[in-house]
Amino acid sequence: VWVSRADECYPIVGNPIDAYLKYDRIITIAKKSGCDAIHPGYGFLSESAEFAQACFDNGLIFIGPKPQHIELFGDKMASKVAMKKIGVPVLEGTDTPVINKSEGERIASEIGFPVIIKAAFGGGGRGMRIVLKAKDFSDMFDSATNEAIKYFGKGEVFIEKYVQNPRHIEIQIVADQYGNVVHLGERDCSIQRRHQKVIEITPSPLLNDAVRQKLSKISVDAMLALGYESVGTVEYLVDAEDNVYFIEMNTRVQVEHPVTEIVTGIDIIQRMIEIAAGDKLKFTQEQIKFRGYAIEFRINS
């Protein structure tokens, strides 16, 4: 259906994964067709700093953030360090990759159980294990690193304090090339299965206004400090005492972005394209109006 609506379309040969990961073919076709910009979607190359840089190197506009920001937030540890440096609260844990199991056990003991082991170069719940007791650490460490190698090609993990029964809140950010940054409210993705989001709702029914404003301000201030451009999603955990902790940032469009569009009336993809074209934001924070609720249910198989 989407291809049939395009003015022009070109085949990318090869199996589906290779076709969308070997970006040299995409760039070649883009240049031959006279295209001047590429939107990477929300998977495959959307979080590839290498692809974004290759677009710029070939005279094409990458519709998304700067390559250095994609690279920074693609590394969960580096992004955690960077955010901590500008005053964003983060969970206690490692700042550098952990490969050695005995070192991991020592670190986990210093942090105090429960802890969570996470793949340093992955996401989507892969390479992630919760360790409630010290006696379980060894098996969980092996399981997490083996899965990280299988899915991401790298076995490095980081270890951090595990927050039990947290609220998982993400803030949608939009930033232009002229230092204007706004937020489009939050999405609550606390209902998950195997670390995979199942239900997304905006606004969150679990947040009070004080925490909502705090999360929004932290996110906007952080993106201003880092000079971020385009759209992005800053993700946090909120504990039972309303303490907030940055966990990661997605520099691509989230699959759940339509719930935000429904309550704000703002087309996020359109904003991405306009920002990449060099346009200023056409609205201020005060002009954004939130109306009603929107919910997305994911079907997991």
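Quantities reported herein were computed from a predicted structural model and do not represent experimental measurements. (Residues numbered from 1 in each chain as written. Predicted model: local features only at pLDDT ≥ 70, side-chain atom pairs only at ≥ 80, totals over all residues. Heavy atoms only, no water.)

Peer 1: Can you break down a positive patch on the surface residue by residue, with the values?
Peer 2: A contiguous patch of positive charge, built from Arg126, Lys150, Arg193 and Arg194, is present on the exposed surface. Note that Arg193 resides in strand E8 (residues 192–193). Arg193 gets classed as partly exposed once you look at its relative accessible area, which sits at 46%. (Patch = residues over 30% accessible without salt bridge, like charges linked within 9 Å, V, L, I, M, F, W, Y side chains within 5 Å. Areas by Shrake-Rupley, 256 points an atom, 1.4 Å probe, with all protein chains shown as cover. Salt bridge = Lys/Arg side-chain N within 4 Å of Asp/Glu carboxyl O. Lys, Arg positive; Asp, Glu negative; His and termini not counted. Charge placed at Lys NZ, Arg CZ, Asp CG, Glu CD. Helix = DSSP H or I, 4+ residues; strand = E, 2+ residues; numbered from the N terminus. Buried < 20%, exposed > 50% of the residue type's maximum accessible area, 1.4 Å probe, protein only.)

Peer 1: Outline the layout of surface pockets, supporting the account with residue identities and numerical values.
Peer 2: Of the voids in this model, the second largest pocket is the one considered here, and its volume is about 1,300 Å³. What lines the second largest pocket is a set of 26 residues, among which Ile12, Tyr20, Ile38, His39 and Gly41 lie closest to the centre. Broken down by secondary-structure element, the contributors of at least two residues to the lining of the second largest pocket are helix H1 (2–5), helix H3 (23–33) and strand E1 (37–38). In terms of residues, the lining of the second largest pocket owes the most to one element, H3, which gives 4 residues. The class makeup of the residues in the lining of the second largest pocket is 20 nonpolar, 5 polar and 1 charged. (1 Å grid on protein atoms, 1.4 Å probe; cavity = no way out; pocket = protein on both sides within 12 Å on 5 of 7 lines; lining within 4 Å. Points joined across faces, edges and corners; volume = space filled by probe spheres on them. Nonpolar A, V, L, I, M, F, W, Y, C, P; charged D, E, K, R; others polar.)

Peer 1: Which residues make up the packing of aromatic side chains, and what are the values?
Peer 2: Considering all chains together, one arrives at 5 aromatic pairs under this definition. Here the aromatic rings of Tyr23 and Phe51 are separated by 5.4 Å at their centres, their planes lie at 50°, and the arrangement is tilted. You can see Tyr23 sitting in helix H3 and its partner Phe51 sitting in helix H4 (residues 49–57), a full 28 residues away along the chain. A residue is classified by how much of its surface remains accessible, and Tyr23, at 19% relative accessible area, is buried. Ring-pair connections join several aromatic residues into one group, and the members of that group are Tyr23, Phe51 and Phe62. (Phe/Tyr/Trp six-rings, centres within 6.5 Å; stacked < 30°, edge-to-face > 60°.)

Peer 1: A description of the pairing of strand E11 (residues 230–238) should follow, citing residues and the corresponding values.
Peer 2: For a regular strand, side chains alternate in direction, first toward one face of the sheet and then toward the other. Summarising burial for E11: 9 of the 9 residues are buried, a large majority. Inspection of the sheet shows E11 paired to strand E12 (residues 244–250) by 6 bridges, in the antiparallel sense. Residue pairing for E12: Glu235 is matched across the bridge by Glu248. From the end of E11 to the start of E12, which pair antiparallel, there are 5 residues, and Asp242 there has a positive phi angle of about 70°. (Pairing = 2+ DSSP bridges.)

Peer 1: Quick one: what's the story with the environment of His257, residue by residue and with numbers?
Peer 2: Note on placement: His257 falls in helix H10 (residues 257–264). Not counting residues up to four positions away in its chain, the partners in contact with His257 are Gln172, Arg187, Ile268 and Ile269. (Contact = heavy atoms within 4.5 Å.)

Peer 1: Quick rundown of the sheet that holds strand E3 (residues 115–119)? Include the residues and the values.
Peer 2: A sheet is described by the order of its strands in space; here 3 strands give the open sequence E4-E3-E5, paired in antiparallel fashion. Each edge of the sheet is formed by a strand with only one pairing partner; in this case those strands are strand E4 (128–131) and strand E5 (157–161). Sheet twist, expressed as the average angle between the axes of neighbouring strands with direction ignored, equals 20°. Summarising the sheet, E3 and E5 pair through 5 bridges and their orientation is antiparallel. Directly across from Ile117, in E5, lies its bridge partner Ile159. Sheet contacts for helix H7 (residues 101–111): E3 and E5; angle to E5, the most-contacted strand, approximately 15°. (Axes fitted to C-alpha atoms, helices over the stretch in contact; angles between N-to-C directions.)

Peer 1: Could you give an account of the nonpolar core, naming the residues involved and the relevant values?
Peer 2: Met83, Leu215, Met223, Val234, Tyr236 and Phe246 are the most contacted members of the largest nonpolar core, which totals 25 residues. The set of elements that each furnish at least two residues to this core consists of helix H5 (67–74), helix H6 (76–85), strand E6 (167–175), helix H9 (209–226), E11 and E12. Take this core: its biggest share by element is 6 residues, from H9. In contact with Tyr236, other than residues within four places in its own chain, are Val88, Arg167, His168, Ile169, Ile171, Leu215, Ile218, Ser219, Tyr245, Phe246 and Ile247. (Core = buried A, V, L, I, M, F, W, Y, C linked by side-chain atoms within 4.5 Å.)

Peer 1: Could you give me a rundown of unusual backbone geometry, with the residues and numbers involved?
Peer 2: With an omega of 5°, the peptide bond running from Phe113 to Pro114 counts as cis. Along the chain, the position of Pro114 falls in the loop between H7 and E3. For the peptide bond that leads from Thr202 to Pro203, omega is -10°, which places it in the cis range. One non-glycine residue, Asn165, lies in positive phi territory at about 50°. Among the structural elements, Asn165 can be located in the loop between E5 and E6. Residue classification places Asn165 among the exposed positions, given a relative accessible area of 74%.

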